[in-house]
Amino acid sequence: MCGIIGILGQQGVTARLIEALKRLEYRGYDSAGVATLVDGLIERRRAHGKIKNLEDVLVQKPLAGLTGIGHTRWATHGAPTTRNAHPHATTRVAVVHNGIIENFRTLRSELEAEGRIFDSETDTEVITQLISLALELGANPKEAVVEALKRVRGAFAIACLFAGENDLLIGARQGSPLVVGVGEGEMYLGSDGIAVAPFTNRVIYLDEGDLVVLTRTSHAIYDAGHQPVTREVKSVAASAAAVEKGNYRHYMQKEIHEEPDAAARTIGHYIDPLEETLALPNCGVDFAVIDQLWIVGCGTAYLAGRVGEYWFEQVAGLACEVDIASEFRYREPVAAGRAAALFISQSGETADTLEALRLCKRKGWKTIAVVNVPESSIAREADAILPTLAGPEIGVASTKAFVAQLSALAAIAVAAARTRQKIDRGEERHLCHLLMETPRLIGEAIKVEAAIAAAAKESSHARSIIYIGRGMSYPIALEAALKLKEISYIHAEGYAAGELKHGPIALIDEVTPVFAIAPYDHLFEKTISNVQEIAARKGRVTLFSDAQGIEEAGDVARHVIEAPKADPFVAPIVYSPLIHLLAYHVALAKGTDVDQPRNLAKSVTVE
């Protein structure tokens, strides 16, 4: 959702607030703003749209101050206007907020009845008004924040700046992440580690319900029961360079080209390359005694789970169900025997996925987190953490994180198969060898980018696009359609190829592009039969396959994209950069905003 930064500095903070907001713009880009203390008074600068607009405002009206907060917004309550941009402020306090206050209408009505004047349409301003009211009634800043948060219901991470308090920032979190950065004579608050990475590598990850009181030389943390607690200061490896575009045109393009490294890091975490054995470090879940595995996620993470379902059932012989977190929560899932649940999330803060995890814990099921942020809420609340090592991902449309998720799921499935004695030592070595080859094959797949760009240009004028696949290529077709929708705004659907005759073939005509994902495997002939049915109706087919598949297909497809030869076990991972590049180049040809598509945010921390 939204991005937060706060700095208690020894020199002017505005430039650094802007620097941090640029790194957080992937979290929200509807509006942005900063507030500092100038001679003890709160001064704000805000602008609708992207951070460049805020920079223009600051050129016209510079902002001094050694203490400040900043925010980049993804609109929930209230239109994306300057009036609704954060920080929201009274003469006493300024607040930035990530999340949603569910009871804001009731609170706003009560406060307005008491004569409070609201300047925006946002839910956030309720927090500002409640804190300001408590200050007016004599509370100190910490007491005022505590009193205000007692009344709000929902998810939030906040940072608060107080008039007349040049050496004070207060932050709190409930359902949305917030971190403290520890510097030398300076302190920082951020919605994630990327926010504070340019300033310090020493970070405190606040726990659920924590409140923190910062001065330039101290941090005091209080838990949900308002008792003082100590949280560990950790060194983070994410460097400033990890979130730069480098020579690439967009973050998404850069991150697709980083997919081989993301796969290599993740696979390397689980495999001993010398012994070709798999281990799940600190897993804590014995797959030998599990009768059923649930896989839960949202969006791209859910689709990674759809691929994982094949691996767990075909390789590990483990009954597997995959569900969307927002649906899983409300269907009263029933376990057939001893159950475990595996939760996939890039950020580890996805609200529906987190609540689904909590539901499973209440049921007494073992829970596993497959996340890219090991200090995230999902990771900390799960019984076991099995990380993906994609590194920071800035583009809203997930690419390298998806590949890392697939890599982790494949490795976990092999480890589960060995534990369940579904494979012998020789088969384990073979599958480990296949996984270790995967990063190289992904790199080879990326080399066909020019051919994909040509196919994308031709398809960029389409009103609708169809993807088909069988077996593990079916969820890859779903992922391809999702990526295209996200960044090009072209309607796209993924279908199981065998379902064409059950309805979707009615959509085939001379103008609708069809992309068939068909590695040369045991299902290839069946998929090509479906391609022939499309071609017979003058459909425009582009075939994704390897050299042998392309040769066997003959001239049934109008265009072909050649993928490297990959064993069916790892083919879903190897074909992922191809469909990501296709979506990227279609969006590029259309001229849409690739990294920050409309209406979307990177981390969905509210329902």
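Definitions and cut-offs
Residues numbered from 1 in each chain as written. Predicted model: local features only at pLDDT ≥ 70, side-chain atom pairs only at ≥ 80, totals over all residues. Heavy atoms only, no water. Helix = DSSP H or I, 4+ residues; strand = E, 2+ residues; numbered from the N terminus. Rg over C-alpha atoms; globule rule 2.2 N^0.38 Å. Buried < 20%, exposed > 50% of the residue type's maximum accessible area, 1.4 Å probe, protein only. Contact = heavy atoms within 4.5 Å. Areas by Shrake-Rupley, 256 points an atom, 1.4 Å probe, with all protein chains shown as cover. Lys, Arg positive; Asp, Glu negative; His and termini not counted. Charge placed at Lys NZ, Arg CZ, Asp CG, Glu CD. UniProt positions renumbered as here; feature names shortened; annotations may be inferred. Arc of directions from axis to C-beta. Polar contact = N/O pair within 3.5 Å; in protein donor to acceptor, adjacent residues only side chain to side chain. Phe/Tyr/Trp six-rings, centres within 6.5 Å; stacked < 30°, edge-to-face > 60°. Lys NZ or Arg CZ within 6 Å of the ring centre and 35° of its normal. Pairing = 2+ DSSP bridges. Axes fitted to C-alpha atoms, helices over the stretch in contact; angles between N-to-C directions. Right-handed = clockwise from strand over helix to strand, strands pointing away.

If you tally the helices and strands in the protein, you get 19 helices and 27 strands. Its C-alpha radius of gyration of 25 Å places the protein within 12% of the 25 Å reference for a compact globule of 607 residues. Along the first, second and third principal axes, the C-alpha atoms of the protein reach 80 × 50 × 45 Å. The buried share among the 607 residues of the protein stands at 61%. Taking the intrachain contacts of the protein between residues at least 6 apart in sequence as the baseline, contacts between residues at least 24 apart amount to 72%. Only carbon and sulfur atoms are counted for the fraction: they give 49% of the accessible area of the protein, which is about 22600 Å². Positive and negative side-chain charges of the protein, numbering 62 and 76 respectively, have mean locations separated by a distance of 3 Å.

What follows is about the UniProt feature "active site" (unreviewed entry) in the protein. When the UniProt feature table is mapped onto this chain numbering, "active site" (unreviewed entry) sits at C2 and K602. Looking at the element boundaries, C2 is found in the segment before β1 (3–8). The contact partners of C2, leaving out residues within four places of it in the chain, are R27, H71, T72, R73, W74, H97, N98 and S191.

The next subject is helix α15 (residues 449–459). Of the residues making up α15, those classed as buried are E449, I452, A455, A456 and S459. Projection of α15 onto a plane perpendicular to its axis shows the buried side chains occupying an angular sector of 125°, all on one side. The exposed residues of α15 that point more than 90 degrees off its buried face are A450, A454 and K457. Contacts from the buried residues of α15 go to α7 (251–257), α14 (425–446), β23 (464–469), β25 (513–517), β27 (559–562) and α19 (571–590).

Along the polypeptide, S191 turns up in the loop between β10 (187–190) and α6 (193–196). Under the relative-accessibility criterion, S191 is labelled buried at 1%. A polar contact of 3.0 Å, which involves the side chain of S191, links it to the backbone nitrogen of I4. The contact partners of S191, leaving out residues within four places of it in the chain, are C2, G3, I4, L24, R27, P177 and L178.

Among the structural elements, Y495 can be located in strand β24 (residues 491–496). Spatially, the C-alpha atom of Y495 lies 4.9 Å from that of I468, the residues being 27 residues apart in sequence. Not counting residues within four places of it along the chain, the set of residues in contact with Y495 comprises I466, Y467, I468, G469, Y474, P504 and L507.

How two aromatic rings sit relative to each other is set out by the distance from centre to centre and by the angle between their planes. Applying the stated criterion to the full structure yields eight aromatic pairs. Taking 5.8 Å as the distance between ring centres and 55° as the angle between the ring planes, the aromatic pair formed by W311 and F569 counts as tilted. One end of the pair, W311, is in helix α9 (residues 299–314); the other, F569, is in the loop between β27 and α19, with 258 residues separating them in the sequence. Accessibility expressed as a relative area gives 7% for F569, which makes it buried. Pairwise contacts between aromatic rings join W294, F328 and W365 into one cluster. The ring centre of Y222 lies 4.3 Å from the NZ or CZ of K142, which sits over that ring. Sitting over the ring of Y489, R598 keeps its end group 3.9 Å from the ring centre.

Below, the discussion takes up the sheet that holds β24. In space, the five strands of this open sheet follow the order β24-β23-β25-β26-β27, with parallel pairing throughout. Each of the sheet's edge strands pairs with one partner strand only, and the pair in question is β24 and β27. Taking the axes of each pair of neighbouring strands and ignoring which way they run, one obtains an average angle of 20° across the sheet. Two elements, β25 and strand β26 (residues 540–545), share five bridges in a ladder whose sense is parallel. Considered in β26, the bridge of V514 is made with V541. Contacts from helix α16 (residues 473–488) reach β23, β24 and β25 within the one sheet, and its direction differs from that of β24 by about 175°. Packing against the sheet, helix α17 (residues 524–536) makes contact with β23, β25 and β26, and its axis sits at approximately 165° to β26.

Right, let's get into the pairing of strand β21 (residues 366–371). Sheet faces and side chains relate simply in a regular strand, where the side chains alternate between the two faces. In terms of residue burial, β21 counts as a mostly covered element, since five of its six residues are buried. Note: strand β20 (residues 339–345) against β21, six bridges, orientation parallel. Paired with F343 across the strands is A369, a residue of β21. For the crossover from β20 across helix α11 (residues 351–362) to β21, the handedness is right-handed. Here two bridges tie β21 to strand β22 (residues 384–385), and the two strands are oriented parallel to one another. Residue A369 lies in a different strand from β22, and its bridge partner there is I385.

As a further point, take the pairing of β23. In terms of residue burial, β23 counts as a mostly covered element, since five of its six residues are buried. Pairing geometry for β23 and β24, over six bridges, is parallel. What sits directly across from I468, in β24, is Y495. Tracing the backbone out of β23, into α16 and back to the parallel element β24 gives a crossover that is right-handed. As defined by bridge partners, β23 adjoins β25 across four bridges and the pair is classed as parallel. Residue pairing in the sheet places G469 in a bridge with I517 of β25.

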